[in-house]
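# Tertiary structure, described
Each chain, letter by letter, is given below.
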Amino acid sequence: MRFKTLAIHAGYDPSANHGAVVPPVVQSSTFAFKAAGEPRTFDYSRSGNPTRHTLETTFAALEGGVRGLAFATGMAAETTALMLFNPGDHLLVQADLYGGTWRLISSVFAAKGLTASFVDLRDEAALRAAITPATKGIWIESPTNPLMNLVDLRAVAQIAKEHSLLTICDNTFLSPYFQRPLDLGIDIVVHSTTKYINGHSDVVAGALMTADAALGDKLAYLQNALGTVSSPGDCALVLRGLRTLAIRMEEHNRNALAIAHWLEAHPKIAQVLHPGQSSHPQHQLALQQTTGFGGTFAFRLRGAREEAFRFLNAVRIFTLAESLGGVESLIEHPRTMTHLSIPPATLDQMGIGEDLIRISVGIEDVTDLIADLSHALDQI
Ligand SMILES: *Cc1c(COP(=O)(O)O)cnc(C)c1O
């Protein structure tokens, strides 16, 4: 079965559920044993739950893996993956990435003895030079949030294999519809399913997928031991969202490309950071390793904080809010919102300045979206 069919049918058989066409939400925390010493498939909902199982099976199918796991949030998924490592281990981490991931690795896990070097993984020589005898893994985000830099996943996976390093790739921005890191040799895919996979901004959730059964078992063990699971109600919402992932992604992609193209010609815009534009330095890589560009990208205004804030306060259809990947368009200022947990000097090094705006383009009519941005740009 192909992607759009799997998104609707994988992991669920109506005949095993009274013919219910939609997977039931099984809220039960515990399940009756058949007899002493004879548990059924599920015994306790932290360890396994039928609704979560349907979602997890779908995750694996869509990402091209053998195991999918559903978590309470994207950060819960990340925490669980990072627990594969031990004190004294060293990680290479993409230098610009989601602020919460930066905080988790550089603060929470650093305090437990897991060391990390933040490296620009676009630079193969820098990546090779940063590997030490203690290095155990590489944490990748591509495209990066919010700068839209790409990492060559096949090349990094190859280097990692030469050094027996585990590769983890955050695939939140593109979803498996546009990018399948496991097919390129990556070991573990991470998602904040809060974003495109759920797609309706009404749940926080996360996922891990892997194509290695033994690694899948290790992650499932940690998921149960840590208790980082997603609730049955949230799993049902994410499942519903997944049904329309393909058509939503097509529309996000189309709208975002049209807006990026329009912005590039606007006199008040200094730079558009969108991998689908031929002006993007990694446009060719985008064409090779992804089948679309998604709906989120960034741009730089001519100006600084004052101009940025005036622009953000003038939009009417775009909502000034963190997060991304929902059907509605959102706009934000990474420096003072999503990436506020990163110190200003590091933000400067990363290139996340006062002039940078990130938008998550929804599936509204693109003519209305452009008119909204146009009106707001006229105010600065
Ligand atoms: C939002 C996000 C996360 C964190 O996910 P939560 O569901 O908010 O915990 C991780 N990575 C990326 C790229 C994100 O955008």
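Residues numbered from 1 in each chain as written. Predicted model: local features only at pLDDT ≥ 70, side-chain atom pairs only at ≥ 80, totals over all residues. Heavy atoms only, no water.

## Here we look at the packing of aromatic side chains
On inspection of all chains with the given rule, the structure shows six aromatic pairs. Arranged with centres 6.0 Å apart and planes meeting at 45°, the rings of F31 and F42 form a pair that is tilted. Here the residue F31 occupies a position in the loop between helix 1 (3–9) and helix 2 (50–63), and F42 occupies one in the loop between helix 1 and helix 2, the gap between them amounting to eleven residues. When sorted by exposure, F31 lands in the same class as F42, which is buried. Their ring planes at 75° and their centres at 6.1 Å tell us that F299 and F311 sit as a pair that is edge-to-face. In this pair, F299 is assigned in strand 9 (residues 296–301) and F311 in helix 12 (residues 305–314), connecting sequence segments twelve residues apart. (Phe/Tyr/Trp six-rings, centres within 6.5 Å; stacked < 30°, edge-to-face > 60°. Helix = DSSP H or I, 4+ residues; strand = E, 2+ residues; numbered from the N terminus. Buried < 20%, exposed > 50% of the residue type's maximum accessible area, 1.4 Å probe, protein only.)

## What about the site of the ligand?
Not every one of the 14 residues close to the ligand is listed here, only the nearest: G74, D170, S192, T194 and K195. In the model, an oxygen atom of the ligand is placed 2.9 Å from a nitrogen or oxygen of the M75 main chain. When the ligand is considered free in solution it has 380 Å² of accessible area, and contact with the protein chains removes 92% of it. Taken atom by atom, the bulk of the ligand overlaps the largest pocket. A breakdown of the residues in the shell around the ligand according to their chemical character gives four nonpolar, six polar and four charged. (Near = heavy atom within 4 Å. Polar contact = N/O pair within 3.5 Å; in protein donor to acceptor, adjacent residues only side chain to side chain. Areas by Shrake-Rupley, 256 points an atom, 1.4 Å probe, with all protein chains shown as cover. 1 Å grid on protein atoms, 1.4 Å probe; cavity = no way out; pocket = protein on both sides within 12 Å on 5 of 7 lines; lining within 4 Å. Sits in = over half its atoms within 2 Å of the grid points. Nonpolar A, V, L, I, M, F, W, Y, C, P; charged D, E, K, R; others polar.)

## A short note on unusual backbone geometry
Geometrically, the link from S142 to P143 is a cis peptide bond, its omega value of -5° lying close to zero. Among the secondary structure elements, P143 is positioned in the loop between strand 4 (135–141) and helix 6 (153–162). A cis amide bond links N145 with the next residue in sequence, P146, at an omega value of 5°. Among the secondary structure elements, P146 is positioned in the loop between strand 4 and helix 6. The phi torsion at M148 lies on the positive side, around 60°, for a residue other than glycine. Relative to the helices and strands, M148 is located in the loop between strand 4 and helix 6.

## With respect to the domain arrangement of the protein chain
According to the domain assignment, the protein chain consists of domain 1 (3–242) and domain 2 (245–377). Summarising the inter-unit geometry, the C-alpha centres of domain 1 and domain 2 are found 26 Å apart. In this complex, domain 1 contributes 39 residues to the contact, which on the side of domain 2 involves 43 residues. Summed over both sides, the interface of domain 1 with domain 2 buries roughly 3300 Å², with 63% coming from carbon and sulfur. Between the two partners, domain 1 and domain 2, sit 18 residue pairs in polar contact (both at pLDDT 80 or more). Looking at the side of domain 1 that touches domain 2, the elements that each hand over two or more residues are helix 1, helix 4 (99–109), helix 6, helix 7 (175–178) and helix 9 (232–243). Among the elements that make up the side of domain 1 that touches domain 2, the one with the highest residue count is helix 7 (four residues). The class makeup of the residues in the side of domain 1 that touches domain 2 is 20 nonpolar, twelve polar and seven charged. (Domains from an automatic or database assignment. Contact = heavy atoms within 4.5 Å. Buried area = accessible area lost by both parts, 1.4 Å probe.)

## A closer look at the pattern of salt bridges
Taken as a whole, this structure holds 14 salt bridges when the rule is applied. For D89, the salt bridge goes to K136, with nearest N and O atoms at 3.3 Å. Of this pair, D89 sits in the loop between helix 3 (74–82) and strand 2 (90–94) while K136 sits in strand 4, placing them 47 residues apart in sequence. When its relative accessible area of 9% is taken as the criterion, D89 is described as buried. Classification of K136 as partly exposed rests on a relative accessible area of 37%. For the salt bridge of R180 with D183, the shortest nitrogen-to-oxygen distance reads 3.0 Å. On the basis of relative accessible area, R180 is assigned to the partly exposed category, the value being 28%. (Salt bridge = Lys/Arg side-chain N within 4 Å of Asp/Glu carboxyl O.)

## Here's the deal with the sheet that holds strand 11 (residues 330–332)
Strand order in the open sheet formed by five strands is 8-9-12-11-10, and the pairing between neighbours is mixed. Edge strands, defined here as strands with exactly one partner in the open sheet, are strand 8 (269–273) and strand 10 (319–320). Relative to strand 12 (residues 356–360), strand 11 runs antiparallel, the two being bridged by three bridges. Each residue of the ladder has a partner; that of E332, found in strand 12, is R358. Across the sheet, helix 10 (residues 245–264) lies against strand 8, strand 9 and strand 12, angled at about 10° from strand 9, the strand it touches most. Packing against the sheet, helix 12 makes contact with strand 9, strand 10, strand 11 and strand 12, and its axis sits at approximately 130° to strand 9. (Pairing = 2+ DSSP bridges. Axes fitted to C-alpha atoms, helices over the stretch in contact; angles between N-to-C directions.)

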